[in-house]
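# Chain and residue survey
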Amino acid sequence: FLKTFKDKNSISVMSLALAMILAGVFEKSGLAMIIGAYIMGLSLSKTDLAFIIQENLSVVSRFLVPMFFCVMGMLVNVKEIASPSIFNFAVVFSLVAVFSKIIGCSIPALFLNFNLNGALRIGVGMIPRGEVALIMAGIGLSLGVLEHDAFTVAIIMTFLTTLITPPILSKLLDSKKPVLRKQLEPDKEHEQIVYPMPNPETAEYLLYKIVEAFENEGFYVHVMEIPEKLYQIRKNNTFITFKYTFEKMTFDCAITDAAFIHTLFYEVIAELENMMKSFAVLTNKKEVAKKIFDSKDNYKKNKFNIKHLLHPLACECNLASTDKEDVIEELVNLLIRSGQLEQGKKGEVLREIFERENNMSTGMQDGIALPHAKSSVVNRIICAIGIKKQGIKFNSLDGQPAKIFVLTVAPKKNTESYLQFMANISKALSNKESLTELINCKTNNNLYSFFA
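Residues numbered from 1 in each chain as written. Predicted model: local features only at pLDDT ≥ 70, side-chain atom pairs only at ≥ 80, totals over all residues. Heavy atoms only, no water.

The subject of this paragraph is the overall build of the chain. The number of helices and strands found in the chain is 17 helices and ten strands. The globule rule puts the C-alpha radius of gyration for 452 residues at 22 Å, and the 32 Å found for the chain is more than 25% above it. With the principal axes as the frame, the chain shows a C-alpha extent of 90 × 55 × 50 Å. The proportion of buried residues among the 452 residues of the chain is 39%. (Helix = DSSP H or I, 4+ residues; strand = E, 2+ residues; numbered from the N terminus. Rg over C-alpha atoms; globule rule 2.2 N^0.38 Å. Buried < 20%, exposed > 50% of the residue type's maximum accessible area, 1.4 Å probe, protein only.)

In structure tokens:
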């Protein structure tokens, strides 16, 4: 029924509506509303829509849950909490609640191949009482079945059991002791498939296409934002987990689904290769690059200011290098000299800049070169500017030696727009007068003043 709505948001809203309808039915039948809503939630949790509903309704949860706890807090009588008799009884009641959970949950676990250590972990993990206990206590209070002092005891018990469990459970989980009486044979019904990634850019693109391919096949995809992105992919009885990093993609699936994963990945790669071929005939990249310096807005130099990004010590009007690789390294040394880059991070930055140069030269035209790269070792845009009056071969678009060098390193995980920064640099260098003024700079301060 829910899948007939197609749209994920509509499915989520309708599932909430169904939960409310069933809650009303149970309330009308003389039972608690929470039971009806719980049954609907439990039913939907077994379907492939579970994660999609959970994701889309999370904003509702974030809005309503604080209100719920606020209302529960408003029902608490602080004077009763401070009463020694009520508080002491609440502590004893909490101890009984703790031991009842440990005993009630640990004993069944002992019959399911867990040893005492494993069973204790399960029992301790079940100790906390949360919103269900508070809801039942609130219902009891509103119906007059529960006295206010008993409600206060329930609140204290909920608080204490929630507070003491994490440190105890953490100690138990730190133990390296086995948790099973008999170690199970490795699962032979599941398989792990790993695809290494050549670079972060390729990984990001493949991620987008893989998720799209799954959705086109009718799968519901849910992403969990943990240190490593974890995608939970479901369709009917098929359940696949997909872990993503810049270095590799890892799929965990049933052996029967392995061929499907390989087929899907193969098709995504084939689509990528076809797209790369189409790029070759899409447009003439040299013509596009020339237009970067084709400024039609009569750009004034005094409108352009990068003082907040440029350091005086990152300017050099007489570069000593005589080839492309050396001049890039000399510019990176300027970043270090100006304190914008740590010495220990030089190698990584050089590697990323040279990798970008190997993909496509950043030698432009009219003697201008804009070497650049994105790097994980910086957290803001940093730049260095140098002049080589004699010029250096830089594989430029017009085949002429490069004389003006603006090296830029931007962070990978920051929204700072380094492309806009480079576009502004291009505008500043889009007329012959500016180029002549730059080439004629006699001191580093003159060079810095031109941009700042």
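Resuming the write-up.
Ordered by their spatial adjacency, five strands build an open sheet running E1-E5-E4-E3-E2, and the pairing between neighbours is antiparallel. Every interior strand has two partners, whereas the edge strands, strand E1 (190-196) and strand E2 (220-224), have only one. Averaged over all pairs of adjacent strands, the angle between their axes in this sheet comes to 20°, without regard to strand direction. Strand direction decides the pairing type here: strand E3 (residues 229-235) and strand E4 (residues 238-244), joined by seven bridges, are antiparallel. Along E4, the bridge assignment pairs Arg234 with Phe239. (Pairing = 2+ DSSP bridges. Axes fitted to C-alpha atoms, helices over the stretch in contact; angles between N-to-C directions.)

Inspection of the secondary structure puts Arg121 in helix H7 (residues 116-125). No salt bridge is formed by the buried Arg121; the nearest opposite charge belongs to Asp174, separated by 8.0 Å. At 3.0 Å, the side chain of Arg121 and the backbone oxygen of Ser175 are in polar contact. For Arg121, the contacting residues outside a window of four places in its chain are Leu169, Leu172, Leu173, Ser175, Lys177 and Val179. (Lys, Arg positive; Asp, Glu negative; His and termini not counted. Salt bridge = Lys/Arg side-chain N within 4 Å of Asp/Glu carboxyl O. Polar contact = N/O pair within 3.5 Å; in protein donor to acceptor, adjacent residues only side chain to side chain. Contact = heavy atoms within 4.5 Å.)

Below, the discussion takes up helix H17 (residues 444-451). Every α-helix winds through 3.6 residues per turn, so residues three or four apart in the chain are directed the same way. Buried residues of H17: Leu447, Tyr448, Phe450 and Phe451, and no others. Here the buried residues of H17 occupy an arc of 155° about the axis, which is enough to place them on one side. (Arc of directions from axis to C-beta.)

What follows deals with the side chain of Asp48. Take Asp48: it is sitting in the loop between helix H2 (33-45) and helix H3 (50-56). Since its relative accessible area comes to 4%, Asp48 is described here as buried. At a separation of 2.9 Å, a polar atom in the side chain of Asp48 contacts the side chain of Lys3.

Low pLDDT means the predicted coordinates in that region are not meant to be read closely. Counting all residues, the mean pLDDT for the chain is 85, and 92% of those residues have values of 70 or more. A low-confidence stretch, residues 298-303 stays under pLDDT 50, and its non-local contacts, those more than four residues away or across chains, total seven contacts. (pLDDT = per-residue confidence, 0-100.)

One can find Pro198 in the loop between E1 and helix H10 (200-216). When the C-alpha positions of Pro198 and Phe246 are compared, they lie 8.4 Å apart, and in sequence the two are 48 residues distant.

Looking now at a nonpolar patch on the surface. Where nonpolar side chains cluster on the molecular surface, the patch consists of Leu95, Phe99, Ile103, Ile107, Leu110, Phe111, Leu112 and Leu116 and spans about 870 Å² of accessible area. Among the elements that line the nonpolar patch, the one with the most residues is helix H6 (residues 84-110), at five residues. One can find Phe99 in helix H6. (Patch = residues over 30% accessible without salt bridge, like charges linked within 9 Å, V, L, I, M, F, W, Y side chains within 5 Å. Areas by Shrake-Rupley, 256 points an atom, 1.4 Å probe, with all protein chains shown as cover.)

Helix-helix packing is described using two parameters, namely the angle between the two axes and the distance between the axes. As a packed pair, helix H8 (residues 131-143) and helix H9 (residues 148-174) sit with axes 10 Å apart at the nearest point and diverge in direction by 175°. By the angle class used here, H8 and H9 are roughly antiparallel. Only His148, Phe151, Ala154, Ile155 and Thr158 of H9 make contact with H8, whose side of the interface consists of Ala133, Leu134, Ala137, Gly138 and Leu141. Residues of the contact of H8 with H9, tallied by class, amount to seven nonpolar, three polar and no charged. (Parallel < 35°, antiparallel > 145°, perpendicular 65-115°, else oblique. Nonpolar A, V, L, I, M, F, W, Y, C, P; charged D, E, K, R; others polar.)

Turning next to unusual backbone geometry. Phi angles above zero are rare outside glycine, and Asp366 is one such case at about 55°. Considering the arrangement of structural elements, one finds Asp366 in the loop between helix H14 (346-359) and strand E7 (368-369). Overall, the relative accessible area of 36% leaves Asp366 in the partly exposed class. The phi dihedral of Asn395 is positive, around 55°, even though this residue is not glycine. When you line up the elements, Asn395 lands in the loop between strand E9 (382-392) and strand E10 (402-411).

Turn length for the E3-E4 hairpin, with the two strands adjacent in sequence and antiparallel, is two residues, and the turn residue Asn236 shows positive phi of about 50°. Both E4 and strand E5 (residues 248-254) contribute to a ladder of four bridges, which runs antiparallel. Paired with Tyr244 across the two strands is Met249, which belongs to E5. Joining the antiparallel neighbours E4 and E5 is a turn of three residues.

So, about the environment of Gly386. By the element assignment, Gly386 lies in strand E9. When the C-alpha atoms of Gly386 and Cys317 are compared, they prove to be 5.6 Å apart, with 69 residues separating the residues in sequence. Filtering out sequence-adjacent residues up to four positions away, Gly386 remains in contact with Glu316, Leu319, Leu331, Lys403, Ile404 and Phe405.

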